[in-house]
Amino acid sequence: MSEQNTIPHALLRVENLSVSFKGENKQFVETVKGISFEIPPNTTVVLVGESGSGKSVTSLATMGLLPVGQSKIAEKSKIIFEGKDLLSLSTKEMRAICGKDIAMIFQEPMSSLNPVFTVGDQIAEIMRIHLGYGRKQAKQRALELLKEVGIPSPETKIDAYPSQLSGGQQQRVMIAMAIACEPKLLIADEPTTALDVTIQKQILDLLESLRKRRQMSMLFITHDLALVSEIADEVIVMRHGEIREQGLAKDVLESPKDAYTKALLLCRPSLAHRPYRLPVINDFLKQKDGHLVEEVTLSELNTTDRKRGLDGSEEIILDVHDLKKSFFSRKGFFGKDEFQAVKGASFQLAKGKTLGLVGESGSGKTTIGLLLMRLQEATGGKALFQGKDILAMSDKEFAQYQRKIQIIFQNPYASLNPRFTVGQILMEPMQVHHIGANDVERKQMALDLLEKVSLPAQAFERYPHEFSGGQRQRIAIARCLTLKPEILICDESVSALDVSVQAQVLNLLQDLQDEFGLSYIFISHDLSVVKYISDQIMVMNHGDIVEIANSDELYASPKHDYTKRLLGAIPQGAEYSV
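Let me begin by describing the structure that accompanies this report.

Here is what the cut-offs are and how they apply
Residues numbered from 1 in each chain as written. Predicted model: local features only at pLDDT ≥ 70, side-chain atom pairs only at ≥ 80, totals over all residues. Heavy atoms only, no water. Helix = DSSP H or I, 4+ residues; strand = E, 2+ residues; numbered from the N terminus. Buried < 20%, exposed > 50% of the residue type's maximum accessible area, 1.4 Å probe, protein only. Contact = heavy atoms within 4.5 Å. Pairing = 2+ DSSP bridges. Axes fitted to C-alpha atoms, helices over the stretch in contact; angles between N-to-C directions. Phe/Tyr/Trp six-rings, centres within 6.5 Å; stacked < 30°, edge-to-face > 60°. Lys NZ or Arg CZ within 6 Å of the ring centre and 35° of its normal. Expected span 1.5 Å × (residues − 1). Core = buried A, V, L, I, M, F, W, Y, C linked by side-chain atoms within 4.5 Å. Salt bridge = Lys/Arg side-chain N within 4 Å of Asp/Glu carboxyl O. 1 Å grid on protein atoms, 1.4 Å probe; cavity = no way out; pocket = protein on both sides within 12 Å on 5 of 7 lines; lining within 4 Å. Points joined across faces, edges and corners; volume = space filled by probe spheres on them. Nonpolar A, V, L, I, M, F, W, Y, C, P; charged D, E, K, R; others polar.

## Observations concerning the environment of Lys-382
Of note, Lys-382 is situated in strand S17 (residues 380–385). Residue class for Lys-382 comes out partly exposed when judged on its relative accessible area of 46%. For the pair Lys-382 and Lys-324, spaced 58 residues apart in the sequence, the C-alpha separation amounts to 9.1 Å. Setting aside chain neighbours within four positions, we find Lys-382 in contact with Asp-319, Val-320, His-321, Asp-389 and Leu-391.

If you want it as structure tokens, here you go:
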């Protein structure tokens, strides 16, 4: 095909894009290194890679959203949209294009939506700015958009504030804002990462149907290759600011050429088998001085399967009976509305085993974890730990048991004190609970724990912001281990991590369970991960337990319709193997 035929057919063409950011020593460090690719009209191109690969930086450069003074784009770089080089346009010219012809959906809707304006006003504002609509016309069009993206009761929700909507509904509002001006290119930056598997599928289906109906192109950014097969026409794999592989989605997924692409595909837990340890990126790439010197195949790794499940003879460490939690809101002057978050849950946790807890947002799974930690007060029920009901204990009595049940939260950014060094974070709980004879002994225990979670001793003097997300989660795990717990509640503790980092943390949790006989309650919306790590799985829906079964049994033959619906929403790309 001649050049005259190819160039006009690219809606967006990125040529030799290099982006640098100002480092700690005021020197600029190159994070995107001369990449080039095209997005044809009416096509979905998926940009995939781990955190730090440069994929989001590429999208922000396209939208003109890179921080001024902290970043720079090389002079040789070009981003050509419909014949115009976006990098050469003035701020006013870029504003006329971005939001109208190019729109973006961000990863976290709650940080992108203004909490003090209704969602209707926020959608209408875009059309008033870019299309010159009047107030009444813009509101009517906003209502139509809310209907188009599948918001229930749009006539009511148009006057709601973002905090009154669920995570999936907030993301739909973001999509409505993005498509309001009929963009030719829609950029979706990790739009489904924090969503339940069923909501994730709904959002993916919605985006794809909107793209086809509106004849637009989409640049979809993700770290999860499992999603790629659902929507992608073409795939670009990035690592360390470079493109490692690109091509048609079918070719890249079924016959990857690059060792890194193969590694990404194999790091994610498979529904078909359960390796004794999950492979990680470095298992496949043997490097020297930053260059690939050897490619390792899966057959060269230890792929022995790990057996899971309970046979009924296990010792029970936690026995929960009829656990309930209700929330009340005022209704009029005298009445109250009751919302039952957990409706009489009964289950057992076997010593040294993992109970997976799955369900959509609002199912009550996180509430159960908070009730067992007494971070929320139960409305009813018992939780017998070593034969004693921890829910009926006084605060003073429970303090003796508190150290034996610990929780790892989803977001390590929010759960670690930013003003404390890692050493202070690890030593504080030991000081509170009088573990260790003195601070010298506690410091040595903290250093031993850092080694246990594969962090260097130098981490002791550093602060949380100096670490990656995966490293922060390791610090959070180490902090839990300072108290020598018997039960760990993992609340979505790997859901926001890259697949390779996720594999590392899952391997760490498994190693700790093997070594210390820890019992886990593993709460997650990622059903592939839950199947990999769980012996038994409990499925919740609207506060009720609808099914409990051994992991392999539940996935092979689910009994409840809700369980079948959850399993049916798993991205089929998760089944690919190399």
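Now that the structure is up, let's keep going.
## As for unusual backbone geometry
If you check the backbone angles, Arg-374 has positive phi at about 60° while not being a glycine. Tracing the backbone through its elements, the reader meets Arg-374 in the loop between helix H14 (365–372) and S17. Phi at His-542 is positive, roughly 50°, even though this residue is not glycine. You can see His-542 is positioned in the loop between strand S22 (536–541) and strand S23 (544–550). On the accessibility criterion, His-542 (54% relative accessible area) is exposed.

## Examining the sheet that holds strand S20 (residues 487–491)
Taken in spatial order, the 6 strands make up an open sheet running S19-S20-S21-S16-S22-S23, and their pairing is mixed. Two strands lie at the open edges of the sheet, namely strand S19 (405–408) and S23, each paired on one side alone. Going from strand to strand, the sheet's axes swing by 20° on average, the running direction of each strand aside. Relative to S22, strand S16 (residues 354–358) runs parallel, the two being bridged by 4 bridges. The partner of Val-358 across the bridge, within S22, is Val-539. Across the sheet, helix H19 (residues 469–481) lies against S19 and S20, angled at about 175° from S19, the strand it touches most. The strands that helix H20 (residues 499–516) touches are S16, S19, S20 and strand S21 (519–523); relative to S21, the one it contacts most, it runs at about 155°.

## With respect to the environment of Asn-25
Among the secondary structure elements, Asn-25 is positioned in the loop between strand S1 (12–22) and strand S2 (28–39). Separated by 213 residues in the primary sequence, Asn-25 and Met-238 have C-alpha atoms spaced 26 Å apart.

## Here's the deal with the sheet that holds strand S11 (residues 242–248)
Strands sit in the order S7-S8-S9-S3-S10-S11 across an open sheet of 6 strands; the sheet is mixed. The strands lining the two open edges of the sheet, one partner per strand, are strand S7 (102–105) and S11. Neighbour to neighbour, the strand axes of the sheet diverge by 15° on average, direction disregarded. Pairing geometry for strand S3 (residues 44–48) and strand S9 (residues 217–222), over 5 bridges, is parallel. Note on S9: the bridge partner recorded for Val-48 is Thr-222. In the packing of helix H9 (residues 197–214) onto the sheet, contacts are made with S3, S7, strand S8 (185–189) and S9, and the angle to S9 comes to roughly 155°.

## A closer look at the pairing of strand S10 (residues 234–239)
Counting buried residues along S10, 5 of its 6 residues qualify, which places the element largely inside the surrounding structure. For S3 and S10, the ladder comprises 4 bridges, and the chain directions are parallel. Counterpart to Leu-47 in the pairing with S10 is Ile-236. As defined by bridge partners, S10 adjoins S11 across 6 bridges and the pair is classed as antiparallel. Bridge pairing in S11 links Arg-239 to Glu-242. Counted along the chain from S10 to the antiparallel partner S11, the turn is 2 residues long, and its residue His-240 has a positive phi close to 50°.

## Focus: the packing of aromatic side chains
Throughout the structure, instances matching the rule amount to 1 aromatic pair. With 6.0 Å between their ring centres and 85° between their planes, Phe-385 and Tyr-401 make a pair best called edge-to-face. Residue Phe-385 is found in strand S17, and its partner Tyr-401 is found in helix H15 (residues 395–402); the two are separated by 16 residues along the sequence. The exposure class assigned to Phe-385 is buried, which follows from its relative accessible area of 0%. A cation sits over an aromatic face here: Arg-462 above Phe-467, 4.4 Å from the ring centre. The ring of Tyr-555 is capped by Lys-531, whose NZ or CZ atom sits 5.8 Å from the centre of that ring.

## A closer look at the pairing of S16
Across the 5 residues of S16, 5 count as buried, placing the element largely inside the fold. The pairing of S16 with S21 spans 4 bridges and is parallel. In the sheet register, Leu-355 faces S21, and the bridge partner there is Ile-521.

## Structural notes on helix H6 (residues 135–148)
The end-to-end C-alpha distance of H6 is 20 Å, a good match for the 20 Å that 14 residues give at a rise of 1.5 Å each. Those residues of H6 lying buried are Ala-138, Arg-141, Ala-142, Leu-143, Leu-145 and Leu-146. Buried residues along H6 sit against helix H5 (119–130), helix H7 (154–157), helix H8 (167–179) and H9. At the C-terminal side of H6, Gly-150 shows a positive phi close to 80°.

## Here we look at the nonpolar core
One finds Ile-123, Val-173, Ile-175 and Phe-220 to be the most contacted residues of the largest nonpolar core, which totals 60 residues. Beyond its immediate stretch of four places on either side in the chain, Phe-220 contacts Thr-44, Val-45, Val-46, Leu-47, Ala-188, Pro-191, Thr-192, Leu-204, Leu-207, Leu-227 and Ile-231. Membership of the second largest hydrophobic core comes to 58 residues, among which are Leu-278, Leu-481, Leu-483 and Leu-518.

## Side note on the pattern of salt bridges
Any two side chains of opposite charge can pair, so long as their charged atoms come close to each other. Evaluated as defined, the whole model comprises 25 salt bridges. Of the charged contacts in the structure, one is a salt bridge between Asp-322 and Lys-324, with a shortest N-O distance of 3.7 Å.

## What to know about empty space enclosed by the protein
Using the criterion set out here, one finds 5 cavities of 30 Å³ or more in the structure. Space inside the largest cavity adds up to approximately 240 Å³. As for the largest cavity, its lining consists of 20 residues, of which Gln-200, Asp-224, Arg-268, His-525 and Asp-526 are closest to the centre. Of all the elements in the fold, those that place two or more residues in the lining of the largest cavity are H9, H20 and helix H21 (527–533). Per-class residue counts for the lining of the largest cavity are 7 nonpolar, 9 polar and 4 charged.

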